[in-house]
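One-letter residues, chain by chain:
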Amino acid sequence: MTSYIEHIPVLLQESVEALITDKEGFYVDGTLGGGGHSKEILKHLGENGRLYGIDQDDEALEAASANIGDDPRFIPIKGNFGYLTTLLPPQTHGQIAGILLDLGVSTHQIKEPERGFSFQEDGPLDMRMGNLSGVSAYQVVNEYDYEKLRDIIFHYGEEKQSRKIAREIIEARPIETTGELRDVVSSVVNKRFEVKSLARVFQGIRIEVNRELEMLENVMEHSLEVLKPGGRIVAISYHSLEDRIAKRFFKAGNFKGKIEKDFYGNPISPIKPVNKQVITPTKEEVSVNPASRSAKLRVAEKVEGGES
Ligand SMILES: C[S@@+](CC[C@H](N)C(=O)[O-])C[C@H]1O[C@@H](n2cnc3c(N)ncnc32)[C@H](O)[C@@H]1O
């Protein structure tokens, strides 16, 4: 493999501290990446503790395994966290003490031109985090119809100039590389906000390619099956669409964020937030690692009887 570009773990101490409630418990790192968080989690676990490290990206699994080294408490698993219940051994269901999700892409994925995630590098239009995803960015950019493309740019990219951009992309087809896509988008957007618009368009396509929001909703629901009562889910998100899913689910156990009531009008939710306020990186962390600037950390706990 190409050498793994270092990823600095975000909100490392804050997330690991929030995650671990039992040193001998079973934990899941759903987004292993370079293994930065996993390595720290293992430092805090006792000899009977276990950590299942999941990633859909072979390059991440290889890098994390090398970074962590031989540790019988660490079990790497290739797969998409959206299928959490099928990835974890059945005997762990209902026994997991904590799940960490450090969402989005790693520095390696963004900076490696061959992966096709970045408008700052020229590479093939790929953007698949792993080889398990169905479509590539090439298919989205070159094969989706106008309405679908416009909606992805608008809803997943949160880019207001989605109509203009979608029309221009269709006009310029075929588009082969990230550099060509960048030039097409740049040719129609407001120059003052060019970099922001590019980031939004690329984000929208990436979310579509990896079905990121759907997988996030899946893992939230699966978490209720695998966590033990009092077990925690710790999510670090990097944009408002992800954060909204975590916030609503942690509050109410559903994606509307509306707490259901029982017959007597008492609120019932299978999960409850641990921290009222969202946790964000300190100024010092952002200055050392600008990639952490949009990070938001939320923590929730499964309540007794909170099975899905
Ligand atoms: C932000 S990085 C994690 C970095 C890691 N915490 C560290 O400190 O080294 C996100 C990682 O999660 C993986 N990932 C994202 N969504 C995933 C999903 N649905 N299933 C499995 N892995 C996923 C990506 O491939 C990437 O390696």
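Throughout this description, residue numbers start from 1 for each chain and increase along the sequence as written. Selection of residues for local features in this predicted model requires a pLDDT of at least 70, selection of side-chain atom pairs for listing and counting requires 80 or more, and totals for whole chains, interfaces and linings are taken over all residues. The side-chain numbers reported here are obtained from all heavy atoms of the structure, hydrogens and water having been left aside.

Named according to an unreviewed UniProt entry, the protein chain is Ribosomal RNA small subunit methyltransferase H originating from Gracilimonas halophila. UniProt positions are given in the numbering used here, feature names are shortened, and annotations may be inferred rather than shown by experiment. Its UniProt record gives the protein chain the following Subcellular location (unreviewed entry) comment, quoted word for word: "Cytoplasm". As stated in UniProt under Catalytic activity (unreviewed entry), the record for the protein chain gives "cytidine(1402) in 16S rRNA + S-adenosyl-L-methionine = N(4)-methylcytidine(1402) in 16S rRNA + S-adenosyl-L-homocysteine + H(+)".

Engineer: What is the right way to look at the site of the ligand in this model?
Structural biologist: Every one of the 24 residues lining the ligand counts as a neighbour, but His 37, Asp 55, Phe 81, Asp 102 and Gln 109 are closest to it. Polar contact is defined as a pair of N or O atoms within 3.5 Å, subject to the rule that within protein one atom must be able to donate a hydrogen and the other to accept it, and that residues adjacent in sequence are counted only when both atoms are side-chain atoms. Within the side chain of His 37, an N or O atom sits 2.8 Å from a nitrogen atom of the ligand. Taking Asn 80, its side chain carries an N or O atom lying 2.9 Å from a nitrogen atom of the ligand. Per-residue accessibility takes into account occlusion by the displayed protein chains alone, with areas from the Shrake-Rupley method and a 1.4 Å probe. Bound to the protein, the ligand loses 98% of the 600 Å² it would expose on its own. Here a residue is considered near a molecule or strand provided that any single heavy atom belonging to it is located within 4 Å of it.

Engineer: Mind showing me how you'd approach the environment of Lys 251 here?
Structural biologist: Counting from the N terminus, the helices are the DSSP runs of H or I reaching at least four residues and the strands are the DSSP runs of E reaching at least two. Here Lys 251 is to be found in helix 12 (residues 240–252). Judged by its relative accessible area of 44%, Lys 251 is partly exposed. For the pair formed by Lys 251 and Val 274, sequence separation is 23 residues and the distance between their alpha carbons is 9.6 Å. With residues up to four places along the chain from it excluded, the contact list for Lys 251 reads Gly 257, Ile 259, Ser 269, Ile 271 and Pro 273. Type-normalised accessible area, obtained with a 1.4 Å probe on protein chains alone, sets the label of each residue: buried when under 20%, exposed when over 50%, and partly exposed for intermediate values. We call two residues in contact when some of their heavy atoms are within 4.5 Å.

Engineer: What is the right way to read helix 11 (residues 212–226) from this model?
Structural biologist: Residues separated by three or four positions in an α-helix point in the same direction, a consequence of the helix having 3.6 residues per turn. Its 15 residues give helix 11 an end-to-end C-alpha distance of 21 Å, which sits within 8% of 21 Å, the value for a rise of 1.5 Å per residue. Listing the buried residues of helix 11 in full gives Glu 212, Leu 213, Met 215, Leu 216, Val 219, Met 220, His 222, Ser 223, Leu 224 and Val 226. A helix is expected to reach a length of 1.5 Å times the quantity of its residues less one.

Engineer: Teacher, can you tell me more about the domain arrangement of the protein chain here?
Structural biologist: The accessible area lost on association of the parts is a frequent measure of interface size. Boundaries of every domain are those given by an automatic assignment or by a domain database. Under the domain assignment used here, the protein chain contains domain 1 (12–108 + 212–302) and domain 2 (134–210). Of note, the centres of domain 1 and domain 2, computed from C-alpha atoms alone, are 30 Å apart. The interface of domain 1 with domain 2 comprises 10 residues on the first partner and seven residues on the second. Both sides together, the interface formed by domain 1 and domain 2 hides about 730 Å², and carbon and sulfur atoms give 49% of it. Reported buried area values correspond to the accessible surface (1.4 Å probe) lost by two parts on association, with both partners' losses combined. On the domain 1 side of the contact with domain 2, Glu 212, His 239 and Leu 241 bury the most area, a combined 61% of that side's loss. A salt bridge links Arg 206 to Glu 212; its shortest N-O distance comes to 2.8 Å. Here domain 1 is connected to domain 2 by four residue pairs in polar contact (both at pLDDT 80 or more). Mapped by element, the contributors of at least two residues to the side of domain 1 that touches domain 2 are helix 11 and helix 12. What makes a salt bridge here is a side-chain nitrogen of Lys or Arg within 4 Å of a carboxyl oxygen of Asp or Glu, nothing more.

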